[in-house]
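Examination of the molecular architecture
In case you want the letters, here they are:
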Amino acid sequence: MFQDEDLIAKCVEGDQQAQRELYDRYASKLMPMAMRYAKSQADAEDILQDAFIKIFRSLETFRKEAQFLTWMKRIVINTSINHNRKKLYQEPMLDIEKTPLHVEQELIISQFHFTELLAMIQKLPVGCRTVFNMFAIEGYAHKEIAEKLEISEGTSKSQYSRARALMKAMVIDASEIVQSKISV
Amino acid sequence: MGDFEKDLQNAFEGAEFTPSPQVWDGVKAGLAPKKKAGVFYMWQTYGVAAAILFLFTMGFLFRDELFTTTGSDSPGTELARTSETDPAKGSPENAADKMAATDPASVDSLKDNKESTQSLIRNKQLQASDNKTVTLKSLTEMAEGNRNQGSQSAALATPKGKEESQPFESQVLDQLQAATAMSADEAVSIYELTPQDLQQSIAELKIRWELENMVGPMEIDTTNIVANPETLVASRTSLNGIFGGGNFNPNAGGTDDLALQENIASDPLAGDFSVKSGGEESEEQLGSLSVGVGIGFDLGSRWILKTGLRYSQYRYATTSNAYSVEDGQPLPVFSNRTFALSQVRYAGDYELINTLHSISVPVQMGYKLLDGNRFGLVLNAGLGVDYFVRYTVKGELNFLETTKVDLAESQFPNRLNVNVLTGIELNYKLNEKFALSGELFFRQYIPSLGPTDGIATTTPSFFGFGLGLNYYLTSKK
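The next subject is the overall build of chain A. When its secondary structure is counted, chain A shows 8 helices and 0 strands. Tracing chain A from N to C terminus, the helices and strands come up as α-α-α-α-α-α-α-α. Counting only carbon and sulfur atoms, one obtains 51% of the accessible surface of chain A, whose full area is about 9,300 Å².

The next point concerns the packing of helix α6 (residues 126–137) of chain A against helix α1 (residues 3–12) of chain B. It is the contact of α6(A) with α1(B), at a shortest axis distance of 9 Å, that shows an interaxial angle of 95°. Our classification of the angle between α6(A) and α1(B) gives roughly perpendicular. On the side of α6(A), the interface is formed by F132(A), F135(A), A136(A) and I137(A), while α1(B) contributes F4(B), E5(B), L8(B), Q9(B) and F12(B). Here the residues of the contact of α6(A) with α1(B) are counted per class, giving 7 nonpolar, 1 polar and 1 charged.

Attention shifts here to the nonpolar core. L22(A), F52(A), F56(A), F68(A), F132(A) and L8(B) are the most contacted members of the largest nonpolar core, which has 67 residues in total. When residues of this core are assigned to their parent elements, the largest contribution, 11 residues, is made by helix α2 (residues 16–37) of chain A. Counting residues in hydrophobic clusters, the runner-up holds 21 residues, among them F248(B), F399(B), Y445(B) and F462(B).

This brings us to the pairing of strand β12 (residues 434–445) of chain B. Strand residues, when the strand is regular, have side chains that alternate between the two faces of the sheet. Residues and elements named next belong to chain B. Across 11 bridges, strand β11 (residues 416–429) lies against β12 in antiparallel orientation. Within β12, the position partnered with N427 by the bridge is S437. Adjacent in sequence and paired antiparallel, β11 and β12 are bridged by 4 residues.

This paragraph deals with the pattern of salt bridges. Residue and element names in this part refer to chain B. One pass over the full model with this rule turns up 12 salt bridges over all chains. Between K306 and E425 there is a salt bridge whose closest N-O contact spans 2.2 Å. With K306 in strand β6 (residues 303–326) and E425 in strand β11, this residue pair connects regions lying 119 residues apart in the sequence. According to the relative accessible area criterion, E425 is buried, its value standing at 8%. In this structure, K429 engages D371 in a salt bridge whose closest nitrogen and oxygen atoms are separated by 3.2 Å. Here K429 is found in strand β11, whereas its partner D371 is found in strand β8 (residues 344–371), with 58 residues between them in sequence.

Counting residues at the interface gives 41 residues for chain B and 55 residues for chain A. Summing both sides of the interface, chain B and chain A together bury roughly 4,500 Å²; the carbon and sulfur share of this comes to 63%. Across the chain B-chain A interface, the total number found is 2 salt bridges. Of the charged contacts in the structure, one is a salt bridge between E16(B) and K29(A), with a shortest N-O distance of 3.6 Å. One can count 9 residue pairs in polar contact (both at pLDDT 80 or more) joining chain B with chain A. Counting residues per element, the ones that place at least two in the side of chain B that touches chain A are α1, α2 (21–31), β6 and β8 of chain B.

All right, on to the confidence of the model for chain A then. All names here are of chain A. Put simply, chain A has an average pLDDT of 83, and 85% of its residues get 70 or more. Ranking the elements of chain A by mean pLDDT puts helix α8 (residues 153–183) last, at 82, and α2 first, at 93. This stretch, residues 98–103, has a pLDDT under 50; its non-local contacts, to residues over four places away or in other chains, come to 2 contacts.

Turning our eyes to something else, we now look at empty space enclosed by the protein. If a probe as big as a water molecule is rolled over the atoms, it shows which places are left empty. All names here are of chain B. If you walk through the whole model with that rule in mind, you get 8 cavities of 30 Å³ or more. Here the largest cavity is characterised by a volume of approximately 290 Å³. When residues of the lining of the largest cavity are traced back to their parent elements, those giving at least two are β3 (235–249), β5 (287–299), β6, β8, β11 and β12. Per-element tally for the lining of the largest cavity: the top contributor is β6, with 5 residues. A per-class count over the lining of the largest cavity returns 8 nonpolar, 10 polar and 5 charged. Size it by volume and the second largest cavity reaches roughly 210 Å³. Considering the residues around the second largest cavity, the lining is formed by 20 residues, among which S238, I304, K368, N427 and Y472 are closest to the centre. Secondary structure elements with two or more residues in the lining of the second largest cavity: β3, β5, β6, β8, β9 (375–395), β11 and β13 (461–475). Tallying contributions element by element places β3 first for the lining of the second largest cavity, with 4 residues. Of the residues contributing to the lining of the second largest cavity, the split by class is 6 nonpolar, 7 polar and 7 charged.

Scoring rules and cut-offs
- Starting afresh in each chain, residues are numbered from 1 along the sequence in its written order.
- Starting at A for chains and at 1 for ligands, labels are handed out in the order in which the entities are written.
- Residues qualify for local features only when their pLDDT is at least 70, as the model is predicted, and side-chain atom pairs are given and counted only at 80 or more; totals for whole chains, interfaces and linings, by contrast, use all residues.
- Excluded from the side-chain calculations are hydrogens and water; all other atoms, namely the structure's heavy atoms, are used.
- Strands are runs of DSSP state E lasting at least 2 residues, helices are runs of H or I lasting at least 4, and numbering of each runs from the N terminus.
- Using the Shrake-Rupley algorithm and a 1.4 Å probe, accessible areas are obtained, with residue cover drawn only from the displayed protein chains.
- What counts as an axis is a line fitted to C-alpha atoms, over the stretch in contact for a helix, and the angles between N-to-C directions run from 0 to 180 degrees.
- Each angle receives one of four descriptions, namely roughly parallel if under 35 degrees, roughly antiparallel if over 145, roughly perpendicular if within 65 to 115, and oblique otherwise.
- Here, two residues are considered to be in contact whenever any of their heavy atoms come within 4.5 Å of each other.
- Just so you know the grouping, Ala, Val, Leu, Ile, Met, Phe, Trp, Tyr, Cys and Pro go in nonpolar, Asp, Glu, Lys and Arg go in charged, and all remaining residues, Gly too, go in polar.
- Residues belong to a common nonpolar core when they are buried Ala, Val, Leu, Ile, Met, Phe, Trp, Tyr or Cys residues joined through side-chain atoms within 4.5 Å.
- Accessibility here uses a 1.4 Å probe with only protein chains present; expressed as a share of the type maximum, an area under 20% marks a residue as buried, one over 50% as exposed, and anything in between as partly exposed.
- In this description, strands pair whenever DSSP reports at least two bridges between them.
- Basic side-chain nitrogens of Lys or Arg form a salt bridge, by our definition, when they fall within 4 Å of a carboxyl oxygen of Asp or Glu.
- Note on definitions: buried area is the accessible-area loss of two parts on being combined, 1.4 Å probe, summed for both.
- Residues adjacent in sequence count toward polar contacts only when both atoms are side-chain atoms; beyond that, a polar contact is any pair of N or O atoms within 3.5 Å, and within protein one must be able to donate a hydrogen and the other to accept it.
- Per-residue confidence from the predictor is reported as pLDDT, which spans 0 to 100.
- Only protein atoms enter the calculation, which uses a 1 Å grid: trapped sets of points that fit a 1.4 Å probe without letting it out are cavities, open sets showing protein on both sides within 12 Å along at least five of seven lines are pockets, and any residue with an atom within 4 Å of a point is a lining residue.
- Grid points are joined across faces, edges and corners, and a volume is the space filled by probe spheres set on the points.

Structure representation (structure tokens):
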């Protein structure tokens with residue numbers, strides 16, 4: 001089994017077997033990330049496909065001091081954002097900062113499998129979903145998100161609040177279903 | 001960041017989900033090298049078009065029996081020449097008498113025959129003394145007259161075993177036709193022969209005459225043959241309208257804007273992307289359109305000087321993966337313009353449609369390879385000046401606005417470009433005034449006049465075709 005460095009070197013040379021091996025090694029790890037930004041599995045597979053094409057084409061520029069998986073994740077995130085960009089323009093995010101927010105209760109999600117959480121995230125509107133992923137999971141600050149998505153910082157914050165509220169509603173619904181099943 | 005976010009991150013930490021096998025198929029297809037739409041691709045396309053054009057041409061040629069030779073007379077054939085011969089010599093009756101008295105078996109009879117023919121021609125010259133012109137048509141008419149008088153005249157001389165029933169002057173006409181080896185259709189084109197052509201033909205005829213009849217020189221004075229004021233065209237001017245298309249190959253090269261790349265490299269979200277904007281490897285020729293008018297001047301029998309005015313719309317596609325937001329408008333990023341680095345954003349690979357609007361003035365010399373009755377084939381070469389009036393770039397992403405490039409700031413193209421032109425043109429004459437034309441041409445822009453500022457050296461080219469209608473303005477001397 002080749003180390004990543006050897007595999008990368010072979011991929012840069014255009015070795016198709018190496019490309020396949022690298023794909024097999026990382027595709028399943030990157031797929032959940034693509035699924036978080038996409039509305040469906042088919043969308044996520046489109047994103048993953050584009051991302052891998054970019055990965056293979058950009059391998060020459062990969063700086064070895066960076067972690068390979070982290071580097072690939074950045075590409076997947078970037079591809080996901082660009083994939084959604086058209087929709088983001090079509091459905092512009094509104095600044096709903098002034099919308100009164102309900103007092104938050106603690107959201108407990110540890111009981112859910114990531115696939116259940118994925119299903120919830122995919123139900124979010126595209127703007128909310130993108131901001132939610134970038135802030136809550138990728139860890140970007142609202143200022144960075146605003147720059148990347150060409151929205152105001154306030155819009156980013158309000159979209160996140162909205163996403164969180166929607167997630168909360170879905171988590172509560174899902175929890176009630178789980179509870180009802182347990183009690184039965 | 002609260003517990004909720006941390007829980008979320010933990011939930012997705014180490015998560016795996018196997019994508020369907022189609023994803024790898026798509027990746028493999030995406031990595032396959034693209035077929036370059038270069039000059040060879042264009043030749044494949046236009047090779048087929050050229051073959052079809054060739055087949056049509058051959059079809060027309062056979063339909064018009066251009067490849068068949070006929071021995072039929074051309075009653076309309078009319079050779080004009082001035083005569084300085086004394087019109088007082090001989091008469092038609094005398095000539096007929098002389099011919100009738102000729103003994104075909106003797107060498108003397110050959111000389112007599114020669115004399116008869118010369119006398120015949122002189123007689124016609126006498127008849128035409130009013131305008132000092134003798135025509136081959138009149139010679140033909142006389143031969144016909146002699147045929148009609150066959151019952152009254154004795155058998156005419158038939159040198160070298162010619163059929164006795166054929167009048168001698170008719171044989172002369174046959175030889176005239178055989179010597180010039182013209183078909184019936186081609187014979188009509190004698191209208192357009194220059195005096196020099198006629199002189200040459202007659203000189204050839206003289207040699208044949210002497211060889212075949214083994215007698216003294218045939219005495220026909222050709223030194224003063226001039227263009228017939230009624231029939232011969234001294235020079236022609238033609239007007240034409242052209243509609244065509246083709247493929248514009250910008251060969252613009254890519255951009256390697258280092259500052260832009262560094263900016264992108266420092267972008268944590270961008271990964272290690274590089275800006276793909278244009279680049280020769282990503283260029284794809286799209287259909288281009290061209291319309292124009294022109295004028296051609298005949299310079300002698302073979303050469304034509306042509307010029308005109310053409311409007312062309314060149315189109316080609318490039319690829320980009322970025323766009324820029326300026327004044328709230330998302331615009332495609334492409335290699336031929338400077339963008340504010342802070343405003344550049346990434347997108348997935350998308351196509352850019354580049355459209356160049358140009359007005360050009362070509363000046364060409366044409367050489368007539370073939371100038372038949374119906375068909376003409378002209379080889380053209382010359383220079384052209386292109387003035388680009390408008391350049392737009394449209395990204396295929398719906399949200400992107402179409403960019404109108406300021407050509408004064410653009411690295412490609414210059415507003416004014418000089419190009420070398422070459423091509424081949426096929427004409428089909430519908431009648432004396434109109435002709436259809438089809439042309440294939442190649443236009444190579446002169447690189448030294450393109451941008452040489454170190455960014456890219458462009459050597460665009462255009463391979464095109466045109467279909468046109470010619471209108472001949474005949475000028476007579």
